Structure formats: C-alpha cells, structure tokens
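Descriptive structure summary
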Amino acid sequence: MKARRAQQPARAAAAEPPPPPASEPEADEPALDEASSDLTPVVAMNLKRFRAERGLSLERLAKASGVSRAMLGQIELGQSTPTINVLWKIARALGVPFSALMSQAASPVTTVLQADHARILRSRNGDFSSRALFPMDRPRNVEFYELRLAPRAVEHADAHAPGTSENLIVTEGSVEITVAGERRVLETGDAILFEADSPHSYRNLSGSEAVMYLVMTYGSRG
C-alpha cells in the first residue's frame, strides 16, 4: 500500500543524493542495557503466550517474522532482550501492537511515568532510542513515544501492519523522514502524518541529538 503524502507543514527536501545506509544493519541480537533489561521477563512471557494462543511453533513464527528460531527461543527463555526492529518484526508476525509484547498487569486510571524509571529501547548501535510515554499494561490502538536520534544518524524501520499511521513532531533538531522513497525535511516544530505500512526511515541532519515525539495509531483489527 502506497504511503499518503505527508500532512502538516513539512518541507520538501531539495534534490540531493539518497541518504546513506545505516552504519550497521539491525540483526537478531540482544540490545540489553540497564534501562531495558527489566523488560526481558515481560517480553518472554508475552511472546510465549501469544505464540501458544496462535498455535505457532518457533519454526513457523521464525518464517513469518524473519527473526531466527534461535533468537526467538532465547527471547522466550528470558535469555535476551531484542532490539527495537526485532520486536517490530515479531509483533507484526503475531498481529499484535508493539506494546502488547511489553504489557504487564493493569494499572490505575491515573498513572505517573517517572523519567528515572523509564523503559528505553535502543537500536543495536545505540544511535536511536525509543521511550514509551504510556503504561504498558495492555495492548493499545494508540501509542505515544519519545524518540531520540544521534547526530547524523539514520534509523531504518520496516513496514508496520496495514493501517498503521505515524504522527510525529520534531522538538529538537532537523530530521529527514523518508516514506516509500519520498523524502520530507522537518525542522524544529514541524510535524508529519504518514501511513507507516511501507518501509520508512528517520535521518538526523543536524550535528546534535534530535528529539521527536510520535503518536502511533494502529488500524482496526477485526
């Protein structure tokens, strides 16, 4: 499905060579750090439950997701925490929101998410980080994230499930968003809305860290 043109005041990028590939591709290997290691048992439990509910073997899930059987097994046993991209691949193959793999027990109506207890997922090289700004107590159709991208870094994202959209605003820096080969440059304060069921990427054009806030909306699941 072809992505819609960006909405909101995003500026078209001037003609220039295509952005270089990321310095090192994502791979099926863990991204453990102090902020994300407490997610390991939660992801393990949810992966095992969702796989059992769907009657999927590790082999079938590996084929559907593109994540190796060995890595899926390590995640299910709580021996490793996957990278952001690996989590996305698993969630899409299972047909669940990204947050469903990190959900825990139900929370009260009013919830304070303290910054010093934030759960942060990072890319393998550490250039890109994602912090959930919502309680991961249950799967949701709308999710809110803070994204940070290192100077001059690129983060590539696989296509999400059909009907998924991203509404993003840049609060610090200058970021180029590429969706299905179409590029838009966002300066500080600019926002963009696009369909995220095509491959897309974020590239920090500035010499300092870029900060973005993202609202992820999933299509209805019958």
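About the cut-offs
- Residues numbered from 1 in each chain as written.
- Predicted model: local features only at pLDDT ≥ 70, side-chain atom pairs only at ≥ 80, totals over all residues.
- Heavy atoms only, no water.
- Helix = DSSP H or I, 4+ residues; strand = E, 2+ residues; numbered from the N terminus.
- Phe/Tyr/Trp six-rings, centres within 6.5 Å; stacked < 30°, edge-to-face > 60°.
- Buried < 20%, exposed > 50% of the residue type's maximum accessible area, 1.4 Å probe, protein only.
- Expected span 1.5 Å × (residues − 1).
- Salt bridge = Lys/Arg side-chain N within 4 Å of Asp/Glu carboxyl O.
- Pairing = 2+ DSSP bridges.
- Axes fitted to C-alpha atoms, helices over the stretch in contact; angles between N-to-C directions.
- Contact = heavy atoms within 4.5 Å.
- pLDDT = per-residue confidence, 0-100.
- Patch = residues over 30% accessible without salt bridge, like charges linked within 9 Å, V, L, I, M, F, W, Y side chains within 5 Å.
- Areas by Shrake-Rupley, 256 points an atom, 1.4 Å probe, with all protein chains shown as cover.
- Polar contact = N/O pair within 3.5 Å; in protein donor to acceptor, adjacent residues only side chain to side chain.

1. Observations concerning the environment of G95
Tracing the sequence through the fold places G95 in the loop between helix 4 (84–94) and strand 2 (120–122). Each C-alpha atom of the pair G95 and F50 lies 9.5 Å from the other, and the pair is 45 residues apart in sequence.

2. Here we look at the packing of aromatic side chains
By the definition in use, this model includes 5 aromatic pairs. When the ring of F98 is compared with that of Y145, the centres are 6.1 Å apart and the planes differ by 70°; the resulting orientation is edge-to-face. Pair noted here: F98 is in the loop between helix 4 and strand 2 and Y145 is in strand 4 (residues 142–149), with a separation of 47 residues, a long-range link. On the accessibility criterion, F98 (2% relative accessible area) is buried. Take Y145: its relative accessible area is 3%, and that puts it in the buried class.

3. Considerations on helix 1 (residues 40–53)
Helix length check: helix 1 (14 residues) gives 20 Å between terminal C-alpha atoms against 20 Å at 1.5 Å per residue, within 8%. Within helix 1, the full set of buried residues consists of T40, V42, V43, A44, N46, L47, F50 and R51. Once helix 1 finishes, G55 follows within two positions and takes phi at roughly 65°, a positive value.

4. Section: the pattern of salt bridges
Applying the stated rule across the entire model yields 10 salt bridges. E176 serves as the salt-bridge partner of R183, at 3.4 Å between the closest nitrogen and oxygen. E176 shares its class with R183; the two are buried. The residue R203 makes a salt bridge to E176 at a minimum N-O spacing of 3.2 Å. Of this pair, R203 sits in strand 10 (residues 200–204) while E176 sits in strand 7 (residues 175–179), placing them 27 residues apart in sequence. By relative accessible area, which is 1% here, E176 ends up buried. If you follow the salt bridges from partner to partner, you end up with R131, E146, R148 and E209 in one network.

5. Topic: the sheet that holds strand 6 (residues 165–172)
Pairing is antiparallel across the open sheet formed by 6 strands, whose spatial order is 2-3-4-11-6-9. Only two strands of the sheet have a single neighbouring strand rather than two, namely strand 2 and strand 9 (191–195). Averaged over all neighbouring strand pairs, the angle between strand axes comes to 25°, with direction disregarded. Sitting on the sheet, helix 4 touches strand 2, strand 3 (128–132) and strand 11 (210–217), and the angle it makes with strand 2 is about 100°.

6. Some thoughts on helix 3 (residues 69–76)
All of the buried residues in helix 3 are M71, L72, G73, I75 and E76. In this fold, the buried residues of helix 3 make contact with helix 1, helix 2 (58–65) and helix 4. Once helix 3 ends, the next one or two residues include G78, with phi positive near 75°.

7. As for the confidence of the model for the chain
Across the chain, the average pLDDT comes to 81, with 78% of residues at or above 70. In the model of the chain, strand 1 (residues 11–12) stands out as the element of lowest mean pLDDT, 44, in contrast to strand 6, which has the highest, 98. Counting interchain partners and residues more than four positions distant, the pLDDT-below-50 stretch residues 1–36 has 86 contacts.

8. Some thoughts on a nonpolar patch on the surface
Among the surface-exposed residues, V142, F144 and V215 lie close enough to one another that they form a single nonpolar patch of about 220 Å² accessible area. Relative to the helices and strands, F144 resides in strand 4. A relative accessible area of 34% places F144 in the partly exposed class.

9. Examining the side chain of E143
Along the chain, E143 falls in strand 4. Residue E143 is classed as buried on the basis of its relative accessible area of 1%. Here Y218 takes part through its side chain, which lies 3.0 Å from a polar atom of the side chain of E143. Setting aside residues no more than four positions away along its own chain, E143 makes contact with P97, F98, S99, F134, L214, V215, M216 and Y218.

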